[in-house]
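So the chains spell out like this:
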Amino acid sequence: MSSGNSARGPTINDSLRDTLKDLYANPYPEVENPVGCKKRASVALVLRIRPSYEHEAAVSEESAHSGSTTERLDGFFSQSWVQHGDPECVFIKRAARVGDRWTAHVALPGGKRDKEDESDKAVAIRETSEEIGFDLTSPHALFIGNLPERVVSTSFGRQPIMVLCPFVWLWTGPDIPAFKLQPAEVASTHWVPLRVLLAPSARTYEYVDVSDRFAHRGSVFLKTIIRSILGKMRFSAIRLTPSESLYCSSTVEFFSPPEENPAVKASLTTRLYSWYLGDHAGAAGSNRPLLLWGLTLGMLADFLDQLPPYNAVALWSYPTFTSWDVRFIIDILTFPLKRRNQDRLRSSERKNETAIDSETEAVSGDNPWFIGGLSKGMEASKKGKNATRSYAVGILLEDYYAMARRGIWISAGIRVITTILFALFIVRRYRQRVGR
């Protein structure tokens with residue numbers, strides 16, 4: 001590398017190489033299932049380098065499949081076409097399915113663990129093959145390691161759903177086999193450059209109706225009241241700009257003739273109500289923006305934060321609500337907590353760790369992406385610096401949702417009292433006029 005490049009600092013490809021080597025040398029610990037929660041799931045973060053037009057890969061440049069993982073990484077990133085290429089990762093957009101918690105969401109390929117699966121890693125390999133027809137056992141698929149595992153709970157609830165285990169692979173060839181999408185699971189796949197994920201201009205918000213989460217068995221009237229108080233929940237998101245996309249043409253989201261399109265048959269009232277709900281399944285068409293948010297964004301935050309300009313976590317924002325009074329009260333209640341968590345994160349960064357200690361839970365159980373009590377972990381992780389490491393978003397969200405719930409109830413109480421006082425005022429004025 002020339003001195004001019006050195007003065008500008010490491011490139012994104014240099015930083016990616018160092019990050020992958022660090023992940024391989026320092027695996028994160030395994031997280032055991034909480035009591036009463038037996039489900040586990042795995043996802044695959046698949047990376048590749050897209051060759052530039054001016055620097056196509058020569059046959060002699062294809063990386064060898066022998067040697068240690070560190071040697072293979074050094075050899076791969078030393079190639080000219082890799083140095084001038086564009087690093088990318090692949091996302092899927094899940095097919096729209098009624099009753100699916102993650103219907104039409106942008107996610108990483110993966111799924112739940114079956115009894116026949118030997119390990120969490122085997123789940124990611126199997127599910128990736130089943131969902132998009134991509135073989136992670138290929139010699140070109142270099143297994144790197146894992147990202148922090150976490151216990152996924154119900155949003156604004158304490159009930160754990162499953163343990164989620166992310167794993168990382170790097171495709172070391174210049175060309176990649178064609179995907180074969182499973183139409184019942186996947187609507188489309190999208191290769192997205194890492195520079196898009198890192199760009200501040202790509203940051204946006206996703207707005208979600210959460211009335212069902214507060215009134216699981218309530219009537220439409222009750223949910224409407226809750227919705228009028230809270231508005232929608234706002235999550236930090238990234239608007240994805242893919243370099244390459246593949247759509248499953250047999251899914252409804254791809255194209256529906258007018259006579260088969262429910263939106264055409266629906267009445268104006270029904271369409272307005274669906275728009276007000278912000279329902280994901282109803283807005284799952286191909287014209288909907290690709291937004292990375294929630295659980296998947298939380299998984300990638302630490303990984304992206306190790307790449308220039310090293311601001312992925314700083315660009316992340318706390319979940320809140322669109323109603324200004326609810327948002328204002330939550331901001332007041334959580335201000336000390338946010339400062340505390342940010343101080344902990346900065347302190348952890350100075351020590352190159354992101355957990356309080358090796359025995360303490362990384363974040364609160366009220367968090368939809370919390371990590372439960374850490375297990376003894378894998379043998380290799382005992383020697384790595386990630387053996388007691390958590391993830392940044394988890395630290396920032398520690399105890400946040402518990403305080404946010406308190407803010408919601410305070411806001412609702414203030415609105416109820418205000419409504420009662422206003423009604424009493426109207427009644428009193430009416431009686432005064434009648435008395436005259």
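All values derive from a computational prediction rather than experimental measurement.

So, how was this worked out
Residues numbered from 1 in each chain as written. Predicted model: local features only at pLDDT ≥ 70, side-chain atom pairs only at ≥ 80, totals over all residues. Heavy atoms only, no water. Core = buried A, V, L, I, M, F, W, Y, C linked by side-chain atoms within 4.5 Å. Buried < 20%, exposed > 50% of the residue type's maximum accessible area, 1.4 Å probe, protein only. Helix = DSSP H or I, 4+ residues; strand = E, 2+ residues; numbered from the N terminus. Expected span 1.5 Å × (residues − 1). Patch = residues over 30% accessible without salt bridge, like charges linked within 9 Å, V, L, I, M, F, W, Y side chains within 5 Å. Areas by Shrake-Rupley, 256 points an atom, 1.4 Å probe, with all protein chains shown as cover. Salt bridge = Lys/Arg side-chain N within 4 Å of Asp/Glu carboxyl O. Phe/Tyr/Trp six-rings, centres within 6.5 Å; stacked < 30°, edge-to-face > 60°. Lys NZ or Arg CZ within 6 Å of the ring centre and 35° of its normal. Contact = heavy atoms within 4.5 Å. Polar contact = N/O pair within 3.5 Å; in protein donor to acceptor, adjacent residues only side chain to side chain. Pairing = 2+ DSSP bridges.

Asker: So what about the nonpolar core? Which residues, and what values?
Answerer: L20, L47, F91, L197 and F303 are the most contacted members of the largest nonpolar core, which totals 75 residues. Top element by residues in this core is helix α11 (residues 294–305). It accounts for 7 residues. I125, L136, W191 and C248 belong to the second-largest nonpolar core, a separate cluster that totals 23 residues.

Asker: Residues and numbers for α11, please.
Answerer: With 12 residues, α11 should cover 16 Å at 1.5 Å per step; its first-to-last C-alpha distance of 16 Å lies within 8% of that length. Most of α11 is tucked away, with 12 of its 12 residues classed as buried. Buried within α11 are the following residues: G294, L295, T296, L297, G298, M299, L300, A301, D302, F303, L304 and D305.

Asker: Can you explain a nonpolar patch on the surface? Please cite residues and give values.
Answerer: There is a patch of nonpolar side chains on the surface, built from V416, I417, I420, L421 and L424 and spanning about 490 Å² of accessible area. Structurally, L424 can be placed in helix α15 (residues 400–435). When its relative accessible area of 52% is taken as the criterion, L424 is described as exposed.

Asker: Tell me what's going on with the packing of aromatic side chains, and back it up with residues and numbers.
Answerer: Aromatic ring pairs are defined here through the distance separating the ring centres and the angle between the ring planes. The tally for this structure, following the rule as stated, stands at 13 aromatic pairs. With a centroid separation of 6.0 Å and 25° between ring planes, the pair formed by F179 and W191 is classed as stacked. You can see F179 sitting in the loop between β7 (160–171) and β8 (186–193) and its partner W191 sitting in strand β8, a full 12 residues away along the chain. Each member of the pair, F179 as well as W191, carries the same accessibility label: buried. Between the aromatic rings of Y400 and Y401, the centroid separation amounts to 5.7 Å while the plane-to-plane angle is 85°, which identifies the pairing as edge-to-face. Assigned by exposure class, Y400 and Y401 land together as buried. Connected via pairs of aromatic rings, a cluster forms that spans F134, W171, F179 and W191. Across from the ring centre of W191, 4.1 Å away, lies the NZ or CZ of R48, which sits over that ring. The ring of Y318 has K338 lying over it, and the distance from NZ or CZ to the ring centre is 4.8 Å.

Asker: So what about the environment of R203? Which residues, and what values?
Answerer: Position of R203 among the secondary structure elements: in strand β9 (residues 203–208). The residues contacting R203, other than those within four sequence positions of it, are L197, S236, A237, I238, L297, A312, L315 and W316. Within the local environment of R203, its side chain forms a polar contact with the backbone oxygen of A312, the two atoms lying 3.4 Å apart.

Asker: With reference to specific residues and values, describe the pattern of salt bridges.
Answerer: What the rule picks out here adds up to 21 salt bridges. Put simply, E88 and R48 hold a salt bridge, and the shortest N to O gap is 2.9 Å. Residue E88 is located in strand β2 (residues 86–94), and its partner R48 is located in strand β1 (residues 40–50); the two are separated by 40 residues in the primary sequence. When its relative accessible area of 0% is taken as the criterion, E88 is described as buried. R48 gets classed as buried once you look at its relative accessible area, which sits at 7%. Salt bridges sharing partners connect three or more residues here, namely D114, D117, R126, E127 and E130.

Asker: Quick rundown of the side chain of S236? Include the residues and the values.
Answerer: Position of S236 among the secondary structure elements: in strand β10 (residues 233–239). Assessed through its relative accessible area of 4%, S236 is described here as buried. Apart from the residues lying within four places of it in its own chain, the contact partners of S236 are R203, T204, Y205, L292, W293, G294, L297, L315, W316 and S317.

Asker: Outline unusual backbone geometry, listing residues and values.
Answerer: Between P308 and the following residue, P309, the backbone shows a cis peptide bond with an omega angle of 10°. Positive phi, normally seen in glycine, also occurs at Y310, with a value near 60°. Mapped onto the secondary structure, Y310 falls in the loop between α11 and α12 (312–315). A relative accessible area of 44% means that Y310 is categorised as partly exposed.

Asker: Residue-level account of the pairing of strand β6 (residues 150–153), with values.
Answerer: Of the two faces of β6, the one carrying R150 and V152 and the one carrying V151 and S153 are both buried. Bridge count for β6 against β7 is 4 bridges, and the pairing is antiparallel. Within β7, the position partnered with S153 by the bridge is P160.

Asker: Talk me through helix α5 (residues 120–132); I want residue IDs and the actual numbers.
Answerer: Helix length check: α5, at 13 residues, gives a terminal C-alpha distance of 18 Å against a target of 18 Å (1.5 Å per residue), a fit within 8%. For α5, the complete set of buried residues consists of D120, V123, A124, I125, R126, E127, T128, E131 and I132. Buried residues along α5 sit against β1, β2, β4 (110–112), β7 and β8. Backbone geometry just after α5 places G133 at a positive phi near 70°.

Asker: Any chance you could break down the side chain of T19 for me, citing the residues and the numbers?
Answerer: Position of T19 among the secondary structure elements: in helix α2 (residues 12–25). Assessed through its relative accessible area of 3%, T19 is described here as buried. Here the side chain of T19 touches S15 through a polar contact of 2.8 Å, landing on its backbone oxygen.

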